[in-house]
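# Architecture at a glance
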Amino acid sequence: MNLPNTNQKRIVIIGGGFAGISLAKKLKELDAQVVMIDRHNYHTFQPLLYQVSTSGLEPDSIAYPIRKILKELDNFYFRLANVDKIDPEKQEIFTSTGVLSYDYLVMATGTKTNYFNNENIAKNAMPMKSVPQALNIRSLVLQNFEKADDSTSEEEQKALLNFCVVGAGPTGVELAGALAELKHNVFPKDYTHLDISKMRIHLFEGGPRVLPPMSEKSSKKATEFLEKLGVEIHLNTIVQDYNDGIVTIRGGETMRSENFIWSAGVTGATIDGFKEEHLVERLNRYKVNSFNQVEGYTNIFAIGDIAYMETEDFPKGHPQVAQPAIQQGENLAKNFKKLLANKALNPFKYIDKGSMATIGRNKAVVDLHKLKFGGFFAWFIWMFVHLMALVGFRNKVIVFFNWGYNYINYDKAARLIVRPYKTKS
Ligand SMILES: Cc1cc2nc3c(=O)[nH]c(=O)nc-3n(C[C@H](O)[C@H](O)[C@H](O)COP(=O)(O)OP(=O)(O)OC[C@H]3O[C@@H](n4cnc5c(N)ncnc54)[C@H](O)[C@@H]3O)c2cc1C
């Protein structure tokens, strides 16, 4: 790789997600060479991917160039590459564009979709972890509506308009709610000759309630909101297979659907080279100590979704959401300053700021420690928090304008099939 060899220590950060970016931003005055490697040249604001999938936002408004975010760092180098392997003993990483040595390595690679070893689902389902995947879902939804409008077969129309979302965590719930809004507010205006009541939205959940990470109260409220929007919720239901447009549920029940979206879980996006003992096998996350050092190493760190840190408050590791990733990045930045000055490191302490999910227009649920509420105020807070968290002033303005436009006009303007969908991107 083309990087200057200097006397400075080299810190390599793999991943420009919430964790990697929050770390790099705070390394401004550090006397070290900072290199970030990511397979995308942009940071993705994953919490709003579902709005790209459902035509509410353009992809550009939820992504931001990494070089631009970190332009103030003069000791900073970005490289667009996929990291394939790490050799912790030789302190080298192997990428799609070459080999690079490091003094300190930070794993901030996040997660990837977990299909639980189901080959058919991995091959045929639509995941939603990246901008291209969200665009694939957008194209799929719109293409299937176009086909349904042109179809003379009742059976085919039913399958094209049958939507299955698997996994009722925040992603599944938000996606199902947004699809229901398309059904009620947008598609009837576009497809005036199509019987829109044939569009059905199924939300499958293996557990006993929607939004398992949130409180029972918020879960109940979200269920009410979803049912009001006509979403058909199937609890304690395991989806076992999806092949040739047929969804099979454990127990044998089947249904036809041409829209099968998988949001049932994630697993760590680990990279080859570490020994098995460094991983929590079931979760594919790197075991780290309270300073985010990967067990067994003092110069390799893991932060964000990929890190597994057991603490008294979080005996099963921190939740895989944006806040722990951001806070771990910030704490590690402070620790790098201490490390280079030979001072003792600060242990990480997570400050839980609560959780929230939106189900659609005027409908959201918020858990703030003991305070749990839902409805218009929760929705307003949800919008404000997400708007403020977006990277870049331009993106904030565009998203604010789009939300205002969509709210006033009951519209979602990004209904474009710019390229045909692919099941994998
Ligand atoms: C659809 C969706 C909705 C979500 N909604 C919310 C929400 O509402 N609130 C919330 O708090 N959290 C939400 N999350 C979770 C949140 O996005 C994650 O917790 C957060 O992104 C974790 O940050 P990270 O930096 O650890 O990983 P990521 O943000 O996933 O970043 C990892 C980066 O590493 C790069 N990378 C990975 N492997 C390689 C490799 N081998 N080579 C090169 N680059 C690599 C990736 O391209 C990516 O840029 C959502 C997640 C998804 C998918």
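What this report covers is the structure whose coordinates are included nearby. (Residues numbered from 1 in each chain as written. Predicted model: local features only at pLDDT ≥ 70, side-chain atom pairs only at ≥ 80, totals over all residues. Heavy atoms only, no water.)

Following the criterion strictly, the structure yields 2 cavities of 30 Å³ or more and no others. Roughly 330 Å³ of volume is contained in the largest cavity. Along the walls of the largest cavity sit 22 residues, with Gln51, Glu181, Arg361, Trp379 and Lys412 positioned nearest its centre. Elements with a minimum of two residues in the lining of the largest cavity: helix 2 (49-53), helix 7 (170-190), strand 23 (355-360), helix 10 (376-389) and helix 11 (393-409). The biggest single contributor to the lining of the largest cavity is helix 7, with 6 residues. Classifying every residue of the lining of the largest cavity by side-chain character gives 10 nonpolar, 7 polar and 5 charged. For the second largest cavity, the full set of lining residues is Arg285, Gly304, Asp305, Ala307, His318, Pro319, Gln320, Val321, Pro324 and Gln328. Considered class by class, the residues forming the lining of the second largest cavity number 4 nonpolar, 4 polar and 2 charged. (1 Å grid on protein atoms, 1.4 Å probe; cavity = no way out; pocket = protein on both sides within 12 Å on 5 of 7 lines; lining within 4 Å. Points joined across faces, edges and corners; volume = space filled by probe spheres on them. Helix = DSSP H or I, 4+ residues; strand = E, 2+ residues; numbered from the N terminus. Nonpolar A, V, L, I, M, F, W, Y, C, P; charged D, E, K, R; others polar.)

Within strand 2 (residues 32-38), 7 of the 7 residues are buried, leaving the element largely enclosed by the surrounding structure. In strand 2, alternate side chains face the same way, and those of Ala32, Val34, Met36 and Asp38 on one face and Gln33, Val35 and Ile37 on the other are all buried. Chirality of the crossover, the property in question, places the unit of strand 1 (residues 9-14), helix 1 (residues 18-25) and strand 2 among those that are right-handed. Where strand 2 and strand 5 (residues 76-80) come together, 5 bridges link them in parallel fashion. Bridge pairing links Ile37 to Arg79 in strand 5. (Buried < 20%, exposed > 50% of the residue type's maximum accessible area, 1.4 Å probe, protein only. Right-handed = clockwise from strand over helix to strand, strands pointing away. Pairing = 2+ DSSP bridges.)

Turning to the nonpolar core, a few remarks are in order. Counting 95 residues, the largest nonpolar core has Ile13 and Phe336 as the members making the most contacts within it. With sequence-adjacent residues up to four places away left out, Phe336 is seen in contact with Ile11, Leu23, Leu27, Leu30, Tyr104, Val106 and Phe301. By size, the runner-up hydrophobic cluster in this structure holds 28 residues, among which are Val35, Ile93, Tyr286 and Ile306. (Core = buried A, V, L, I, M, F, W, Y, C linked by side-chain atoms within 4.5 Å. Contact = heavy atoms within 4.5 Å.)

Right, let's get into the site of the ligand. The immediate surroundings of the ligand are formed by 27 residues, with Ala19, Asp38, Val83, Asp305 and Ala322 found nearest. One of the side-chain nitrogen or oxygen atoms of Gln46 is found 3.1 Å away from an oxygen atom of the ligand. The separation between an oxygen atom of the ligand and a polar main-chain atom of Gln320 is 3.2 Å. In isolation the ligand exposes 1,000 Å². Once the protein is present, 89% of that is buried. If you list the elements that add at least two residues to the shell around the ligand, you get helix 1 and helix 9 (322-340). Counted by class, the shell around the ligand contains 11 nonpolar, 12 polar and 4 charged residues. (Near = heavy atom within 4 Å. Polar contact = N/O pair within 3.5 Å; in protein donor to acceptor, adjacent residues only side chain to side chain. Areas by Shrake-Rupley, 256 points an atom, 1.4 Å probe, with all protein chains shown as cover.)

This part covers helix 5 (residues 131-149). In a regular helix each residue adds 1.5 Å, so 19 residues correspond to 27 Å; helix 5 covers 27 Å between its end C-alpha atoms and thus fits that length. For helix 5, the buried fraction is high: 14 of the 19 residues fall into the buried class. (Expected span 1.5 Å × (residues − 1).)

So, about the sheet that holds strand 24 (residues 363-368). If you walk across this open sheet you meet the 3 strands as 23-24-25, and the pairing is antiparallel. The open sheet is flanked by strand 23 and strand 25 (371-374), the only strands paired with a single partner. Taken pair by pair, the neighbouring strands of this sheet meet at an average axis angle of 5°, ignoring direction. As judged from the 5 bridges shared by strand 23 and strand 24, these two strands associate in the antiparallel manner. When the bridges of strand 24 are listed, Gly360 appears paired with Lys363. Relative to the sheet, helix 8 (residues 216-228) contacts strand 23, strand 24 and strand 25, its axis offset from that of strand 24 by approximately 175°. (Axes fitted to C-alpha atoms, helices over the stretch in contact; angles between N-to-C directions.)

On to the pattern of salt bridges, then. This structure, assessed with the given rule, holds 8 salt bridges. In this structure, Glu232 and Arg200 form a salt bridge, with 2.7 Å as the shortest nitrogen-oxygen distance. Of this pair, Glu232 sits in strand 13 (residues 232-234) while Arg200 sits in strand 12 (residues 200-204); the two residues are 32 residues apart in sequence, bridging distant segments of the chain. With a shortest N-O distance of 2.8 Å, Arg415 and Asp411 are connected by a salt bridge. By relative accessible area, Arg415 is classed as partly exposed at 24%. Here the residues in one salt-bridge network are Asp190, Asp411 and Arg415, joined through shared partners. (Salt bridge = Lys/Arg side-chain N within 4 Å of Asp/Glu carboxyl O.)

Attention now moves to the sheet that holds strand 8 (residues 98-101). Strand order in the open sheet made by the 3 strands is 6-7-8, with antiparallel pairing throughout. Since the sheet does not close on itself, it has two edges, and those belong to strand 6 (83-87) and strand 8, each with one partner. Here the strands of the sheet are splayed against their neighbours by 20° on average, with no regard to which way each runs. Where strand 7 (residues 92-95) and strand 8 come together, 4 bridges link them in antiparallel fashion. Counterpart to Phe94 in the pairing with strand 8 is Val99.

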